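Summary of structural features
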Amino acid sequence: MKLTKGIAAFAAAVAVAAFAAQDAGRATELALGEYLAFGQLTKDYYEAIVKHAGLQVIHADGAVTLRLQEIGREVATTPVSSSTTIRLKDEYYPLEVTRHVKTWNDCAAVETWVEIRHAETGPIKLIRADSIATPVAASTNAVRVLSLTGRAKNEANVSESRVVKGQTVELISSAGTRDAWEANAAMMVLFGEDVDEERGAVLGVALEWAGTSCSRVRRNWDGKRTEVFAGVDMTTGPYTLDPGVTFTTPKAILVWSEKGKGEVSREYHRWARRHLMPHGDALHPVLLNSWEGSYFSFTEQTLLDMMAGVKEMGGEMFVLDDGWFGRGRYARDETNRATAGLGDWCVNTAKLPHGLGWLAEEAAKRGLQFGLWVEPEMANTNSWLTQEHPDWFLQEKGRPVVCGRGKTQVVLDLTNPAVRDNLFTQLDAVYSAIPSLAYVKWDCNASIHNPGSTYLAPDRQPNLWYDYTQGYNELLARFQAKRPQIMVQACASGGGRMDFGSLRYTDEFWASDCTDPYRRIFIQWGASQFYPASAMACHVTASPNHQTKRVTPLKYRFDVAMTGRLGFELHPKDLSAEEVAFAKAAVADYKRIRPIVQRGDLYRLVSPYEKPFSSLLYVSESKDSAAVFALGLKIDGERVEVLKLRGLNPDASYSVQEINCIPGRHHAKLPAAISGRDLMEKGITVRLSGDYDSAVFEVAATAR
Ligand code: GLA
């Protein structure tokens, strides 16, 4: 009775929320549905108890099963959201599980997470503690899992794996820090053979988590039951949970759509911009990051020249990357490359005698905001910090330390509050010296490869992975609370922190250290499956590209970078006068379409995985304006493609204009005015030819 009442109250609460009620309905049902715990009784005669579970513990007395029963349910609503709390208790052990489900009135994404606490006679062990562990009823014989996997400079490869009857597809991210490389903690479960961008039933499952993760989709022996799990990966060892302490899983964000993958992506983008990213829908600046333009080799004059150059091209911010810090023999400079200085957050006065405050003022004089690169989680063994605190970095008793980059890089022990305090104090002093600091690039260039903590007790070593990520969250939250105006970019050797866990505290991610536009078309296509364009940092860099040596036209580099948050990563002095003029016009064009790209709805029209060419369309919420990108890969001869637009108002009249053009080189014949219906049904015909050709079109509703 109680239960039915709870559901009814919840449904009523959701029903008032006009569009969320419809679109979030199925995802809400799944979030409120069964939570598969090891040992629960099942109706399946052959199984008898649930063994493929999302929650599995070893009780203090060694027993292994759970029998959870609901003991209470509450619904709380606000004008913008609705939250349900379901309390479950083991029928025998003093162990409670609280499940949370939160829906929003303005988007279809549903957040769900779990808290576990107990009052047993001693600690229990969590073998698994997933955020979501639910069966999904779907009458189809074809279930696939869309995932993003990759590595440094090759992030977010999209693949779809078939889940065969009786088997499980499992995506594990085990690095602990550069979590988004190996297997991004976001997947789409595709039900049916005919799922594409526009059609088919899709369940998106993403974690708000920047640590180890495990997402699984399992089908039972006859394929009639599909089970979906996602949570922190515990294969690194069970988590030991003391009595009275609450273990909180990361949030899982569920999106259900009967209208294909495109709609699922748009809902994630909407949710992230509205309910996750600290600066929400704020427009992100066109910036120049110093890295590929100068690497470690710069003087104050180099940086001033870069500022002047980016300002001339219409840039709005200058970001000083790696190489500005360290003291005495451990100072980071161009001779030691990446072997020293991490951990010592003070300006290298030998290199920057006037300091960072002065640099920021120089930027301001030129009309630019100022941003700074930091790598708080890391230290070099060549640093004063590690000399003074040899127990502050992750290490295993009795084993030599395995070092990363520069053969001296170690990961600081963020489980230790003293380490977090030290980092906060050091960086707070740096930030205080730059009152106008507007942006921080938070990098992280190692995975956890010495999985041991001197801070955690010997019997708590496996807790490291989860506790580290909570330490990371806490540190980011502390910086954010003190200086909420600062926009942060999450970076981890490129796109290793392309995740919703980081985006809770940051506003963007560096998508990849591969800045080759040809490769970026694929990487950005992958990122767009879940992450909004405003959060995806895309920089125009030099040609030949530093990573792949590929030579591409400047226009192509711009067109590809304009599909996200546009920036530069080169020394402007290396550009010719014609190139600077082109860049100036390109930035002006981008600024005009920036609100559409950064806040609009994305429609992926053509996949680079299917054709030697890709197309993306962004439509403003009002449907008054749109931006269409046609990005060629390697085209043999000429290719004529009809791009049928989506999401426009069929009855409105629009003008379409090609922008960011090279004079005399147009890619389509465009009518003066065309209806939304024609743009969607007949489309625009675009001609691309040769390698690395591209075109951008601006669509605007004409006044009636
Ligand atoms: C990582 C980042 C780069 C750059 C360097 C600096 O590789 O991904 O963008 O910041 O570190 O060392």
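Residues numbered from 1 in each chain as written. Predicted model: local features only at pLDDT ≥ 70, side-chain atom pairs only at ≥ 80, totals over all residues. Heavy atoms only, no water.

1. Structural notes on the overall build of the chain
For the chain, the count of helices and strands is 16 helices and 34 strands. Taken over C-alpha atoms, the radius of gyration comes to 26 Å for the chain, in line with the 27 Å a tight globule of 704 residues would show. A principal-axis box enclosing the C-alpha atoms of the chain has dimensions of 75 × 65 × 45 Å. Taking all 704 residues of the chain together, 61% fall into the buried category. Within the chain, residue pairs in contact and separated by at least 24 positions form 72% of the contacts whose partners lie at least 6 positions apart. By element, 52% of the accessible surface of the chain is carried by carbon and sulfur atoms, the whole surface being about 25,500 Å². (Helix = DSSP H or I, 4+ residues; strand = E, 2+ residues; numbered from the N terminus. Rg over C-alpha atoms; globule rule 2.2 N^0.38 Å. Buried < 20%, exposed > 50% of the residue type's maximum accessible area, 1.4 Å probe, protein only. Contact = heavy atoms within 4.5 Å. Areas by Shrake-Rupley, 256 points an atom, 1.4 Å probe, with all protein chains shown as cover.)

2. A look at the side chain of D693
If you trace the backbone, D693 turns up in the loop between β33 (684–691) and β34 (694–701). Reaching out from D693, the side chain makes a polar contact with the side chain of R665 at a distance of 2.5 Å. For D693, the side chain forms a polar contact with the main-chain nitrogen of S689, separated by 2.9 Å. In this view, D693 contacts Y556, A630, L631, G632, R665, H667, R687 and L688; residues no more than four positions away in its chain are not counted. (Polar contact = N/O pair within 3.5 Å; in protein donor to acceptor, adjacent residues only side chain to side chain.)

3. Some points on the packing of helix α13 (residues 517–527) against helix α14 (residues 554–561)
Their axes nearest at 10 Å, the elements α13 and α14 cross at an angle of 15 degrees. When the interaxial angle is binned, α13 and α14 end up roughly parallel. The hand of the α13/α14 crossing is left-handed. Side by side, α13 and α14 meet where P517, Y518, R520, I521 and Q524 of the first sit next to Y556, R557 and V560 of the second. (Axes fitted to C-alpha atoms, helices over the stretch in contact; angles between N-to-C directions. Parallel < 35°, antiparallel > 145°, perpendicular 65-115°, else oblique. Left-handed = near helix turned anticlockwise from the far one by under 90°.)

4. Details of the domain arrangement of the chain
By domain assignment, the chain separates into domain 1 (2–275), domain 2 (287–599) and domain 3 (604–701). The straight-line distance from the C-alpha centre of domain 1 to that of domain 3 is 38 Å. Each side of the interface is counted separately: domain 1 has nine residues, and domain 3 has four residues. Of the roughly 490 Å² buried at the junction of domain 1 and domain 3 (both faces included), carbon and sulfur atoms supply 27%. Three residues, V158, E197 and E198, lead the burial of domain 1 against domain 3; their summed loss comes to 62% of the area buried on that side. If you look at where domain 1 meets domain 3, you find three salt bridges. Its salt-bridge partner being E198, residue R646 comes within 2.9 Å of it at the nearest N-O pair. Remark: the boundary between domain 1 and domain 3 carries five residue pairs in polar contact (both at pLDDT 80 or more). Among the secondary structure elements, those contributing two or more residues to the side of domain 1 that touches domain 3 are β8 (154–162) and α5 (260–275). It is α5 that contributes the most residues to the side of domain 1 that touches domain 3, four residues altogether. (Domains from an automatic or database assignment. Buried area = accessible area lost by both parts, 1.4 Å probe. Salt bridge = Lys/Arg side-chain N within 4 Å of Asp/Glu carboxyl O.)

5. Considerations on the packing of aromatic side chains
What the rule picks out here adds up to 32 aromatic pairs. Ring centres of F500 and Y531 lie 4.6 Å apart, and the angle between their planes is 55 degrees; this geometry places the pair in the tilted category. Residue F500 is found in helix α12 (residues 500–503), and its partner Y531 is found in the loop between α13 and β25 (536–541); the two are separated by 31 residues along the sequence. Linked through ring pairs, Y268, W271, F500, F509, F530 and Y531 together constitute an aromatic cluster. Positioned over the ring face of F229 is R216, at 4.1 Å from the centre of the ring. Looking at R520, its charged tip hangs above the ring of W510, at a distance of 4.6 Å from the centre. (Phe/Tyr/Trp six-rings, centres within 6.5 Å; stacked < 30°, edge-to-face > 60°. Lys NZ or Arg CZ within 6 Å of the ring centre and 35° of its normal.)

6. Here we look at the site of the ligand
Neighbouring the ligand are 13 residues; D321, D322, R405, K441 and D513 lie closest to it. Note that an oxygen atom of the ligand is positioned 2.9 Å from one of the side-chain N or O atoms of D443. Contacts to the ligand include G494, whose backbone N or O atom sits 2.9 Å from an oxygen atom. In isolation the ligand exposes 300 Å². Once the protein is present, 96% of that is buried. Residue composition of the shell around the ligand, grouped by class: four nonpolar, three polar and six charged. (Near = heavy atom within 4 Å. Nonpolar A, V, L, I, M, F, W, Y, C, P; charged D, E, K, R; others polar.)

7. A word on the side chain of S694
Looking at where S694 falls in the secondary structure, it is placed in strand β34. Relative accessible area serves as the criterion here: at 1%, S694 is assigned to the buried category. If near-sequence neighbours (up to four positions away) are discounted, S694 is found in contact with K555, Y556, D559, A630, L631, G632, H667 and L688.

8. Observations concerning the pattern of salt bridges
A full pass over the atoms with the stated rule returns 48 salt bridges. Ionic pairing is found between R478 and D421, a salt bridge with its closest N-O pair at 2.8 Å. Here D421 lies in helix α10 (residues 417–432) and R478 lies in helix α11 (residues 464–482), a separation of 57 residues in the sequence. Looking at R478, the relative accessible area reads 28%, which means it is partly exposed. Residues joined by salt bridges that share partners form a network here, namely R144, E160 and K261.

9. Regarding the pairing of strand β29 (residues 625–632)
Along any regular strand, the residues point their side chains to alternate faces of the sheet. Burial analysis of β29 places eight of its eight residues in the buried class, the great majority of the element. Alternating residues of β29 divide into S625, A627, F629 and L631 and A626, V628, A630 and G632, and every residue in both groups is buried. Bridge analysis of strand β28 (residues 613–619) against β29 gives seven bridges, and the strand direction is antiparallel. Each bridged residue has a counterpart across the sheet, and for S615 the counterpart in β29 is A630. Linking β28 to β29, which pair antiparallel, is a turn of five residues; within it K623 sits at a positive phi near 70 degrees. In terms of strand pairing, β29 meets β34 through seven bridges, oriented antiparallel. From the neighbouring strand, S625 faces β34, where its bridge partner is A700. (Pairing = 2+ DSSP bridges.)

10. Regarding the sheet that holds β25
Ordered by their spatial adjacency, eight strands build a closed barrel running β17-β18-β19-β22-β23-β24-β25-β26, and the pairing between neighbours is parallel. Between one strand and the next, the sheet's axes are offset by a mean angle of 30 degrees, whatever the strand orientation. Strand direction decides the pairing type here: strand β18 (residues 317–320) and strand β19 (residues 369–374), joined by four bridges, are parallel. When the sheet's bridge partners are listed, F318 is paired in β19 with F370. α14 contacts β25 and β26 (565–569) of the sheet and is inclined by roughly 175 degrees relative to β25.

11. What about the sheet that holds strand β31 (residues 653–659)?
Here six strands make up an open sheet; going across it, the order is β27-β28-β29-β34-β31-β32 and the pairing antiparallel. With one partner strand each, in any of the chains shown, β27 (601–606) and β32 (674–675) form the two edges of the open sheet. Note: β31 against β34, six bridges, orientation antiparallel. Within β34, the position partnered with S655 by the bridge is A700. Across the face of the sheet, helix α15 (residues 577–599) comes into contact with β27, β28, β29, β31 and β34 while running at roughly 100 degrees to β29.

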